[in-house]
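Summary of structural features
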Amino acid sequence: MTELIKSTAALAAMRRAGQILAKTQATLISALKPGVTGTELDRLAEKTIASLGGQPSFKGFEGFPASVCLSVNDGLVHGIPNDRPFREGDLVGIDLGVCIDGWHVDAATTVGVGTIDPADQALVDTAWAAFRVGFAKARDGVHLGDVQHAIQTVIEAGGYGLVRNLSGHGIGQTLHEEPSIPNFGTPGQGLVLHTGMTICLEPMLTRGSAEIVTDADGWTIVTADGSRAAHVEHTILVTDTGAEILTDSDRGHTR
Ligand code: MG
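Here we summarise the structure given alongside this text. (Residues numbered from 1 in each chain as written. Predicted model: local features only at pLDDT ≥ 70, side-chain atom pairs only at ≥ 80, totals over all residues. Heavy atoms only, no water.)

Here we take up the packing of aromatic side chains. Enumeration according to the criterion identifies three aromatic pairs in this entry. Aromatic pair Phe 64 and Trp 219: ring centres 5.0 Å apart, planes at 85°, arrangement edge-to-face. Of this pair, Phe 64 sits in the loop between strand S1 (55-56) and strand S2 (68-72) while Trp 219 sits in the loop between strand S11 (212-214) and strand S12 (221-223), and the two are 155 residues apart along the sequence. Classification of Phe 64 by relative accessible area gives buried; the value is 3%. Taking the centre distance of 5.7 Å and the plane angle of 80° together, the rings of Trp 128 and Phe 131 count as edge-to-face. Of this pair, Trp 128 and Phe 131 both sit in helix H3 (residues 118-137), three residues apart, which is roughly one turn of the helix. Here Trp 128 and Phe 131 have matching classes, each one buried. One aromatic cluster is present, formed by Trp 128, Phe 131 and Phe 135 through successive ring pairs. Its end group placed over the ring of Phe 184, Arg 164 keeps NZ or CZ at 4.2 Å from the ring centre. (Phe/Tyr/Trp six-rings, centres within 6.5 Å; stacked < 30°, edge-to-face > 60°. Helix = DSSP H or I, 4+ residues; strand = E, 2+ residues; numbered from the N terminus. Buried < 20%, exposed > 50% of the residue type's maximum accessible area, 1.4 Å probe, protein only. Lys NZ or Arg CZ within 6 Å of the ring centre and 35° of its normal.)

In structure tokens, the structure reads:
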């Protein structure tokens with residue numbers, strides 16, 4: 001039985017894991033430059049997480065071979081780090097999970113390599129705007145449909161493809177728990193959030209069609225039409241007054 005309301009001890013572990021994740025993410029972003037490879041970033045992720053006392057949640061999860069998912073350009077999520085050097089203008093999704101004492105957190109961002117196409121930047125900006133409106137809705141007593149609908153509204157207002165086959169999720173002793181949190185929904189519908197729940201909000205959008213396919217490597221999810229994609233995510237804690245981001249470098253960040 002999934003423990004939806006987290007204990008104080010669980011939240012302490014998740015907060016620690018969140019700090020490690022944020023530091024690791026910042027380290028990878030600093031290292032992401034033309035000529036660097038995903039394999040190198042994966043080694044850096046593994047080393048950084050270990051040096052900070054955490055474990056990489058993704059390594060070995062359902063057989064995933066790396067400590068970070070790196071999804072490049074038309075890659076949306078679940079990209080396996082490889083030896084292709086990053087190039088100026090690439091758009092790179094960096095998705096990390098960290099575990100402390102059996103408790104997981106999960107967060108992602110999408111960043112450009114060097115100077116990127118303004119249209120790609122607008123895509124990423126919209127992904128974060130969608131996250132922020134969802135985050136702003138989340139609090140004790142609110143239906144998940146309100147959160148989902150807020151995210152959907154921003155993505156669709158931007159004219160982007162809203163990926164429907166992948167969702168946000170609850171998180172705790174496993175990476176992906178109930179509830180499932182699609183990036184679309186109906187206000188007033190769905191699970192009612194309660195203080196102490198930990199959930200991942202993760203808008204996923206494309207510059208073209210929302211259709212996605214699995215790449216030949218069996219893992220990487222790419223857009224069917226080759227259009228560029230963005231994915232951002234934080235693990236958040238529902239509180240009486242709103243929500244708290246657990247995977248931010250700014251500890252205790254609330255709105
Ligand atoms: Mg996630």
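After that view, the rundown keeps rolling.
Another point: the pattern of salt bridges. In the structure shown here, the tally under the stated rule is eight salt bridges. Glu 244 is the salt-bridge partner of Arg 15, the closest N and O atoms lying 2.9 Å from each other. Taken together, the residues span a long stretch of sequence, with Arg 15 in helix H1 (residues 8-31) and Glu 244 in strand S15 (residues 243-245) at a distance of 229 residues. According to the relative accessible area criterion, Arg 15 is partly exposed, its value standing at 23%. The buried category is assigned to Glu 244, whose relative accessible area is 8%. Counted as one network, the salt bridges with shared partners bring together Asp 117, Asp 120, Arg 207 and Arg 228. (Salt bridge = Lys/Arg side-chain N within 4 Å of Asp/Glu carboxyl O.)

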